[in-house]
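Descriptive analysis of the structure
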Amino acid sequence: MVSKILAPLDQTEIAEAGLRWAEHAARRCGAAVHLLAVVDPSEPDAGARTKDAEAYLQSRRDQLKNNGLTVKMEVAAGEPAATILDRAESADLTVVSSGTVRWLISAVLDRVLERMTRPLVVVRASQNDTNDTQLPAMDRILVALDQVDYSSDIIPIVQDLAKALSASVTLCHCVAPNVDEFGRAVPGLTGRTADPIGQAELFISRIAEQFESEGIKTETVVAIVDAPGQIVRPAQRTGAGLIALTTRGRDHLDSRLVGGTANAILHSTRLPCLLTRRAPVGARVGGSRPGLIAH
């Protein structure tokens, strides 16, 4: 069930790409929207920035309410990443924009992605998107899965979201091509890896049964790719509007986004990405609750 969507905003037009996604999802799910702006009290002109943030959120709140949504707004004083992580703990889904010109562009988004334990949608945006009135595509979700323990963590999250959005699901498992050290195709393998395609199809079909038992229309794709980011190709072919996957999220994020496969996908597609991360045992996310300024 998706009943509360958190939408952190940094008062830029580009950030509203995430807000458009959150608004459309809330309409389809019947969810409430929590608008959040964070002002670091240690920065210059924090008082003036707080007033600006409050006026900005009020205008967005009124707009969403006029469209029939239930909306809460909050301007919080604190460190932005810790505040977002803290508020995300009480939300079913958090939606952020990547590509904004303030705190969502660098260290804050890094820390949120690195330490998140709740589902997060990253919506890619650019200056060209600011006047885009097309509704986000939400009828099909492509789920990237692998035969590793943490990969399946995304399954119950996608099941809930697919049912809430009335979306179908494409389950995708990528298999690396058989090549030698010169990049030439090798026709076959021996031993336990003799049939990687067959193993992949068996793996993905078993997961498809879980989705279909929940009443979710599901199809499967086994894609042969030589780089993680190429999973965007089956996403485009199947008409997916969202790519979902689990990330380890444990590397230093010099490239601004999650390392490994998630990083490659985020850099390779304009599609929104739904991410979740398995939290380390005993880990504590966020920090003390920042002071509430307005709501």
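The shown structure was predicted, so the numbers you read here are calculated from the model rather than taken from an experiment. (Residues numbered from 1 in each chain as written. Predicted model: local features only at pLDDT ≥ 70, side-chain atom pairs only at ≥ 80, totals over all residues. Heavy atoms only, no water.)

1. A short note on the overall build of the protein
We count it as follows: Helix numbering and strand numbering both begin at the N terminus, where a helix is a DSSP run of H or I of at least 4 residues and a strand a DSSP run of E of at least 2. A simple rule labels every residue: compare its accessible area, found with a 1.4 Å probe on the protein chains alone, to the largest value its type can have, and call it buried under 20%, exposed over 50%, or partly exposed in between. In what follows, a contact means two residues having at least one pair of non-hydrogen atoms within 4.5 Å. Working definition of accessibility: Shrake-Rupley area with a 1.4 Å probe, residue cover restricted to the visible protein chains.
What the protein contains, in helices and strands, is eight helices and eleven strands. Taken over 295 residues, the protein has a buried fraction of 52%. Across the protein, contacts joining residues at least 24 apart in sequence account for 81% of those joining residues at least 6 apart. As displayed, the protein has an accessible area near 13,900 Å², and 47% of this comes from carbon and sulfur atoms.

2. Some thoughts on helix H2 (residues 46–66)
Selection rule: For a helix, the expected span equals 1.5 Å multiplied by the residue count minus one.
With 21 residues, H2 extends 30 Å between its outermost C-alpha atoms, agreeing within 8% with the 30 Å of an ideal straight helix rising 1.5 Å per residue. In the stretch just after H2, Gly 68 is the one whose phi turns positive, near 90 degrees.

3. Some remarks on the nonpolar core
One broad rule of soluble globular proteins: the nonpolar side chains tend to lie buried together. To keep it simple, the criterion reads: Nine residue types can take part in a nonpolar core, namely buried Ala, Val, Leu, Ile, Met, Phe, Trp, Tyr and Cys, and a core is a set of them joined through side-chain atoms within 4.5 Å.
Residues Leu 35 and Leu 274 are the most contacted members of the largest nonpolar core, which totals 56 residues. Contacts of Leu 35, omitting those with residues within four sequence positions, involve Ala 7, Leu 9, Leu 19, Leu 57, Arg 60, Arg 61, Leu 64, Val 71, Lys 72, Met 73 and Glu 74. One finds Val 38, Val 122, Val 232 and Ile 265 within the second-largest nonpolar core, a separate group that totals 35 residues.

4. Section: helix H6 (residues 196–213)
Our working definition: By construction, the arc corresponds to the directions joining the helix axis to the C-beta atoms.
A rise of 1.5 Å per residue sets the reference length of H6, with its 18 residues, at 26 Å; its end C-alpha atoms lie 26 Å apart and thus fit the reference within 8%. For H6, every residue scored as buried is listed here: Ala 200, Phe 203, Ile 204, Ile 207, Ala 208 and Phe 211. Projection of H6 onto a plane perpendicular to its axis shows the buried side chains occupying an angular sector of 140 degrees, all on one side. Those residues of H6 that are exposed and aimed more than 90 degrees away from the buried face are Arg 206, Glu 209 and Ser 213. Against the buried residues of H6 lie strand S6 (140–145), helix H5 (154–165), strand S7 (168–175) and strand S8 (218–224).

5. Let's talk about the pattern of salt bridges
Quick reminder of the rule: Just to be clear on terms, a salt bridge is a Lys or Arg side-chain nitrogen sitting within 4 Å of an Asp or Glu carboxyl oxygen.
A complete count under the given rule lists ten salt bridges for this structure. Residue Lys 163 is joined to Glu 214 by a salt bridge in which the shortest nitrogen-to-oxygen separation is 2.8 Å. Of this pair, Lys 163 sits in helix H5 while Glu 214 is found in the loop between H6 and S8, placing the two residues 51 residues apart along the sequence. When its relative accessible area of 38% is taken as the criterion, Glu 214 is described as partly exposed.

6. Here we look at the side chain of Asp 86
Under the convention used in this document: Whenever a nitrogen or oxygen atom comes within 3.5 Å of another N or O atom, the pair is scored as a polar contact, on the condition that within protein one atom can donate a hydrogen and the other can accept it, and that pairs from neighbouring residues in sequence are kept only if both atoms are in side chains.
Looking at where Asp 86 falls in the secondary structure, it is placed in helix H3 (residues 80–88). Residue class for Asp 86 comes out buried when judged on its relative accessible area of 15%. Looking at Asp 86, its side chain comes within polar contact range of the side chain of Arg 87, at 2.7 Å.

7. What about the pairing of S7?
Defined as follows: For two strands to be treated as a pair, DSSP must find at least two bridges joining them.
Within S7, seven of the eight residues are buried, leaving the element largely enclosed by the surrounding structure. As paired elements, S6 and S7 share six bridges and run parallel to each other. Of the residues in S7, the one forming a bridge with Leu 142 is Thr 170. With seven bridges joining them, S7 and S8 adopt parallel strand pairing. Looking across to S8, one finds that Cys 174 is bridged to Ala 223.

8. Here's the deal with the packing of H5 against H6
For any two helices packed against each other, one specifies the inter-axial angle together with the distance between the axes. Quick reminder of the rule: Every axis corresponds to a line fitted to the C-alpha atoms, with the helix fit spanning only the stretch in contact, and the corresponding angles, defined between N-to-C directions, vary from 0 to 180 degrees. For any pair of crossing helices, the crossing counts as left-handed if the nearer helix is rotated counterclockwise from the farther one by less than a right angle, and right-handed if it is rotated clockwise. By the convention adopted, Pro, Cys, Tyr, Trp, Phe, Met, Ile, Leu, Val and Ala count as nonpolar, Lys, Arg, Asp and Glu as charged, and the other residues, Gly among them, as polar.
Two elements in contact, H5 and H6, have axes whose closest approach is 10 Å; the angle formed by their N-to-C orientations is 35 degrees. Seen from above, H5 lies across H6 with right-handed handedness. Of the residues in H6, those in contact with Ile 155, Val 158 and Gln 159 of H5 are Ile 207, Gln 210 and Phe 211. In the contact of H5 with H6, the residues fall into four nonpolar, two polar and no charged.

9. Concerning the confidence of the model for the protein
Cut-off, in case you're wondering: The predictor reports its confidence for every residue as pLDDT, a score running from 0 up to 100.
On average, residues of the protein score 80 in pLDDT, and 76% of them are at 70 or above. Overall, residues 100–105 carries pLDDT values under 50, and its contacts beyond four positions in sequence, including any with other chains, amount to 23 contacts. Counting interchain partners and residues more than four positions distant, the pLDDT-below-50 stretch residues 250–259 has 30 contacts.

10. Some details on the side chain of Thr 94
Here Thr 94 lies in strand S4 (residues 93–98). Taking relative accessible area as the criterion, Thr 94 reaches 2% and is therefore assigned buried. The residues contacting Thr 94, other than those within four sequence positions of it, are Leu 6, Pro 8, Ile 84, Ala 88, Pro 119, Leu 120 and Val 121.

11. Remarks on the environment of Gln 236
Note that Gln 236 resides in helix H7 (residues 232–238). Residue classification places Gln 236 among the exposed positions, given a relative accessible area of 55%. The sequence separation of Gln 236 and Thr 269 amounts to 33 residues, and the corresponding C-alpha distance is 9.3 Å.

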